[in-house]
Structure formats: C-alpha cells, structure tokens
Amino acid sequence: MSTLALETRRTPPDGVDWELFGQRYWERRPVRLHARPPFGLDAVHPLNVASCAPFRAGTRFWVMPDVRFLVGDGWLRAPGALLPDATDPSLDAYLDRLDADSGRQGYLLTVRQPLLLDHALWSAVRDTVSGLWRQVGWPNLPVVAEVLTGDRFTQHVGATEAPTHAALTWVLRGRMDVRLWDERGGPPPEGIADPDRAVPGVRTLSAGAGELLYWPGDQRHVDTYRDRCVALRLRIPVDRTLPFTALRDLLADLVHAGQGNDETVPYFPFGPGTGIDDPDGVLPRLTGLGDDLRTVVDGEHLRRTLRIRWAALRSAAGLEPIPVPREGVAITRSTRFRRTGEIVRMPDGPAHEVWAVEGNVFTLPRAAGDRVYAALGDGEETGADEVCRALAAGDDDRNAATVLALLDKLYRLRGIDLAEEATR
C-alpha cells in the first residue's frame, strides 16, 4: 500500500493556489494539500440539526437536504433519535450520545446538499470553489455538496459504482483515509474494501483537519472515517455521459409540456383500427412523438431554456439547489447601496438579456440592462436616485417605481447590500 506524499508548497492566505492546482492535478492525479476549509467546524452541528429534523420520523425521498445514517453494516431507514437534535448542545455532546446509544458501533452520517439552508455557508463554498472554476472551466451540471460525520466506519459505495464525479474533500476534524483505484486499470480488486490490506495498484490518501483531498473522476474509492471525522465534500460531475442524460430529461419534459402535460397512462390503444400501421395505431403514435421531439430540438424554446439554466448554474458556481431569497427592505430614491454579488449577464434574443444572481434568473431589456449595470457600480457606494437618472426616470414616478422594484429584486437576491450593511 503506497501513500501519496503531502504537498508542502506554500498556499495563499485565502486557501489553495487554484492556478497551480489546475496545472498539476486537475483531471491528472490525486493529491493531498494543506487548505483552509470554506467554513469551520462550529458551523457543522447547527447545519446537521436543521437538515436532520424532518428525517427523525423516517427516511424521506426526493427531498433536499437528503440525510442518511449508516451504522455497522447497514443503512437505517428510520434512524430517529440517532440523528442530531436541537437538544444536543454541541457536536461533541451529540457524538457522545451517539456512542452510548449505538453501543459504540461505527457510524456515518451523510447530509447531502445541506448548504441551501444557510446562505452564508453556501456563499463561502461558492466563493472558494469559484477560484478553481476560473482556472479549469465552470461546471455545466450541479455540484453535489455533502457534510460527512463518521467514526470507525468504512464506506464502500465509491468502489462499487462506476466513477462519474471528481471529488474535493476538506477534512474539518479527525482523520480520513481514502483508498483509490484507477478505473482505467479495470475492475477494482476485492481487497480494496479492506483498509488494512496492501493491494498492488491501490493508493491511499490520508488527511487530517486542515487538509484537502482531491481525486479525479476516473477513480473508484473506499473511505474510512476515524477519530470522529467531519468533512465537507464536493462531488463534481465530470463524466461525459452526464450532460446527455440531463439533456434527455429536459427534452422529455419539454415534449410532455407541449402535449399539455397529459397525465394519462401512456398505453397504446387496443382493438379494431389500432393495428401497428392503422391511423390510430402504434406506429403513427410513435412517429408523432418523434415529430414532437424534432419540433422541440429545432425550436428556440430549448435554446433559451439551456441559456437560462446555464446562466443560473454559472452564477451559483454549480452549487444547486440554492438558498431562498432574503426578505426585502423598503428602498426609496434616497437609499444608498453597494453591489456586492456577481451578476452574470447573457443575451436572450435581440432585445433582452438574462441576469443571473446566485442561481436566480430574470430578464431585462438589453438597452436598459447596460445602463443599469453601469449605474450599479463595482462595489463603490451609489444611490437609487443615480440609477433612476441613468435610466432617464427623472421625476417620472412610474419609471422610478420600476427602477426601485428592480433594486428590491437585486437586494432580495443578494446582488446588492444597503450601504450600512455592506460595510459591516
């Protein structure tokens, strides 16, 4: 069993040297680096409590965040009191209780996509990973964020499934050992599942608090959690088949919507006049479905939908789902503010453009969009009245109301902050 050497190159104060990372490691080889995580250990327990609350009554499906609790050799469908609760005063108190309640069996709590519950944490992760995307390209599918809490537990699922995602894993506490097998070497050997067994071709990355693990998307992996390990993992879609799957689902949705969202069971008719070549038979219906699909593929609606989805994903740095907008405030012509969030702009036909802010999308007339964007400034303090004048609203109350409504939208989407808030 070989262990990859720790990289000792000095990194910038704000984290990893993403430019060097992109040149040396991205889609090339696994690595362990010293790195400051996007948020601290103290944020984990409140986030886990909020994420787990709906699951204490049993497993829920097709909801986010998604919570799974594994103990011993199985996934508990109704973990109940084994999940963290508001009565647990701290992470350590919860883990002490868990050891007592579980008979000191090994365990793993996985919370998938919890960041949508806390904008500050979501924003911190987005800002951190944006440094990487600026070097290697922005993801065209959502990135999966997971908070992992485990001890004395080995997770094998990463070795049993074909790899489709690269991974960035910040260890916040404890230690994690990851055994890696390059998919290009064929099926993983049986011994990969045993963390204490040396297997030719299997490499190990071991990391403690304050370190970052990365492996490319062609690696199968087995994770072993030790010393009450807590980690933040980002699973980054890199398999070339994934965009086709997403496009297939989108096309199916658009064809279905074009048929009036008919919810009847799609059985083919049976009886006289419904033979395969009859007018009401199977073949004409399939041919008609193909015609509907060609109409969608050739239409502008698909292109516009893809543009809007890309703008939203780009503005969220791939972190979907996104937090809900915040409450609005009373914005008047005397309100002072600063632009604090990135605004992604994209053409939307000859006369309009898409604006995307932290995963939220809306449209503006293109001519007005240029003037508004310039008037918002680039972080310096400005006033609502200045934006009104830039749009020639002047004393026109109706046009001024439109400008103030736009500023309210930008505030709720966190594209701007009031001047006194932005300086805190």
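Every chain begins its residue count from 1, and numbering advances along the sequence as written. Reporting in this predicted model follows two pLDDT cut-offs: at least 70 for local features of residues, and 80 or more for side-chain atom pairs to be given and counted; totals over whole chains, interfaces and linings ignore these cut-offs and use all residues. To get the side-chain values, all heavy atoms of the structure are used, and hydrogens and water are removed first.

Caption draft 1: How the structure looks around the overall build of the protein chain. Secondary structure assignment for the protein chain yields 12 helices and 17 strands. Considering the protein chain as a whole, with its 424 residues, one finds that 47% of them fall into the buried category. Split by element, the accessible area of the protein chain, about 21,100 Å² in all, is 53% carbon and sulfur. A positive count includes Lys and Arg, and a negative count includes Asp and Glu. His and the chain ends are not counted in either. Note on charges: their place is set at NZ of Lys, CZ of Arg, CG of Asp or CD of Glu. The protein chain carries 51 positive and 60 negative side-chain charges, and their two centres are separated by 4 Å. The helix count covers DSSP runs of H or I at least four residues long, the strand count covers runs of E at least two residues long, and both are numbered beginning at the N terminus. Only protein chains enter the area calculation, which uses a 1.4 Å probe; residues under 20% of their type maximum are buried, those over 50% are exposed, and those in between are partly exposed. Here, Shrake-Rupley sampling with a 1.4 Å probe gives the accessible areas, and only protein chains in the shown set may cover a residue.

Caption draft 2: Here's a closer look at the sheet that holds strand β13 (residues 344-348). Strands are treated as partners if at least two bridges between them are detected by DSSP. Ordered in space as β13-β14-β15, the 3 strands form an open sheet in which the pairing is antiparallel. Across the chains shown, the open sheet's two edge strands, defined by having one partner strand only, are β13 and β15 (360-365). Shown here is a sheet whose adjacent strand axes are inclined to one another by a mean of 30°, direction ignored. In this structure, β13 lies alongside strand β14 (residues 352-357), joined through 5 bridges in antiparallel fashion. From the neighbouring strand, methionine 346 faces β14, where its bridge partner is valine 354. When checking whether two residues touch, look at their non-hydrogen atoms; a contact exists if any pair is within 4.5 Å. To obtain each axis, a line is fitted to C-alpha atoms, and for helices this fit is confined to the stretch in contact; angles are then taken between N-to-C directions over 0 to 180 degrees. Against the sheet, helix α8 (residues 300-315) engages β13, β14 and β15, with an angle of about 175° to β13. The sheet contacts of helix α9 (residues 366-376) involve β13, β14 and β15, and relative to β14 the element is tilted by about 40°.

Caption draft 3: Structural context of the pairing of strand β10 (residues 211-215). Taking burial as the measure, the 5 residues of β10 include 5 buried ones, the bulk of the element. On β10, burial covers both faces: Glu211, Leu213 and Trp215 on one face and Leu212 and Tyr214 on the other are all buried. In terms of strand pairing, strand β2 (residues 31-34) meets β10 through 4 bridges, oriented antiparallel. Paired with arginine 32 across the strands is leucine 213, a residue of β10. In terms of strand pairing, strand β8 (residues 165-182) meets β10 through 5 bridges, oriented antiparallel. The residue of β10 that forms the bridge with tryptophan 170 is leucine 212.

Caption draft 4: Representation of the packing of helix α6 (residues 242-258) against α8 in the model. Remark: α6 packs on α8, axes separated minimally by 11 Å, with the N-to-C direction vectors making an angle of 130°. The orientation of α6 relative to α8 falls into the category oblique. Considering the relative orientation of α6 and α8, their crossing is right-handed. Where α6 approaches α8, its residues Leu247, Leu250, Leu251 and Leu254 are matched on the opposing element by His301, Leu302, Thr305, Leu306 and Arg309. Residues were grouped as follows: Ala, Val, Leu, Ile, Met, Phe, Trp, Tyr, Cys and Pro as nonpolar; Asp, Glu, Lys and Arg as charged; and all remaining residues, including Gly, as polar. Looking at side-chain class alone, the contact of α6 with α8 contains 6 nonpolar, 2 polar and 1 charged residues. In this scheme, roughly parallel covers angles under 35 degrees and roughly antiparallel covers those over 145, while 65 to 115 is roughly perpendicular and the rest are oblique. Left-handed describes a crossing in which the near helix is turned anticlockwise from the far one by less than a right angle; the clockwise case is right-handed.

Caption draft 5: A look at the packing of aromatic side chains. Aromatic rings from Phe, Tyr and Trp, taking only the six-membered ring of Trp, are treated as a pair when their centres fall within 6.5 Å; an angle between ring planes under 30 degrees marks them as stacked, one over 60 as edge-to-face, and anything in between as tilted. This structure, assessed with the given rule, holds 8 aromatic pairs. Between phenylalanine 21 and tyrosine 214, the ring centres sit 5.0 Å apart and the planes meet at 70°, which makes this aromatic pair edge-to-face. Of the two residues, phenylalanine 21 sits in helix α1 (residues 18-24) while tyrosine 214 sits in strand β10, which places them 193 residues apart along the sequence. For tyrosine 214, a relative accessible area of 1% puts it in the buried group. Seen from their ring centres, tryptophan 355 and phenylalanine 362 are 6.0 Å apart, and the 50° between their planes marks the pair as tilted. Among the aromatic residues, those joined into a cluster by ring pairs are Trp18, Phe21, Tyr25, Trp26, Trp133 and Tyr214. Cation placement over rings: the criterion is NZ of Lys or CZ of Arg within 6 Å of the ring centroid and within 35° of the ring normal. Positioned above the aromatic ring of tryptophan 138, the side-chain terminus of arginine 314 is 3.6 Å from the ring centre. One cation-aromatic arrangement involves arginine 345 over tyrosine 373; the distance from NZ or CZ to the ring centre is 4.8 Å.

Caption draft 6: Region of interest: the packing of α6 against helix α7 (residues 282-298). For the pair α6 and α7, the least separation of the axes is 10 Å and the interaxial angle reads 110°. Considering the angle they form, α6 stands roughly perpendicular to α7. Residues Leu251, Leu254 and Val255 of α6 pack against Leu289, Asp292, Leu293, Val296 and Val297 of α7.

Caption draft 7: Highlighting the nonpolar core. Judged by nonpolar contacts, the single largest core of 49 residues is most densely connected at Phe21, Phe39, Phe69, Leu168, Trp170 and Leu234. Examining the composition of this core, we find that 6 residues originate from one element, helix α4 (residues 119-136), more than from any other. With residues near it in sequence (within four places) discarded, phenylalanine 21 still touches Val16, Trp26, Val31, Leu33, Leu132, Leu168 and Tyr214. By convention a nonpolar core is built from buried Ala, Val, Leu, Ile, Met, Phe, Trp, Tyr and Cys residues, the set being connected through side-chain atoms within 4.5 Å. One finds Trp355, Phe362, Val372 and Val387 within the second-largest nonpolar core, a separate group that totals 25 residues.

Caption draft 8: View of the sheet that holds strand β16 (residues 382-383). Read across the sheet, 3 strands follow the order β16-β12-β17 without closing on themselves; strand pairing throughout is antiparallel. Each edge of the sheet is formed by a strand with only one pairing partner; in this case those strands are β16 and β17 (416-418). Bridge count between strand β12 (residues 336-339) and β17: 3 bridges; the pairing is antiparallel. Each residue of the ladder has a partner; that of phenylalanine 337, found in β17, is leucine 418.

Caption draft 9: Quick peek at α9. For α9, the complete set of buried residues consists of Ala368, Gly369, Val372, Ala375 and Leu376. Along the axis of α9, the buried positions cluster into a sector of 135°, meaning they face one direction only. Exposed and oriented more than 90 degrees from the buried face of α9 are Ala367 and Ala374. An arc is given here, and it is the one of the directions from the helix axis to the C-beta atoms.

Caption draft 10: Representation of the environment of arginine 303 within the structure. Among the structural elements, arginine 303 can be located in helix α8. Note: C-alpha distance between arginine 303 and glutamate 327 (24 residues apart in sequence) is 32 Å. Beyond its immediate sequence surroundings of up to four residues, arginine 303 is in contact with Val297 and Asp298.

Caption draft 11: Spotlight on the side chain of aspartate 85. By the element assignment, aspartate 85 lies in the loop between β4 (74-76) and α3 (91-101). A 3.5 Å cut-off defines polar contacts: any pair of N or O atoms within that distance qualifies, except that in protein one atom must be a possible hydrogen donor and the other a possible acceptor, and neighbouring residues in sequence count only when both atoms are side-chain atoms. Within the structure, aspartate 85 has its side chain in polar contact with the side chain of arginine 56 (distance 3.4 Å).

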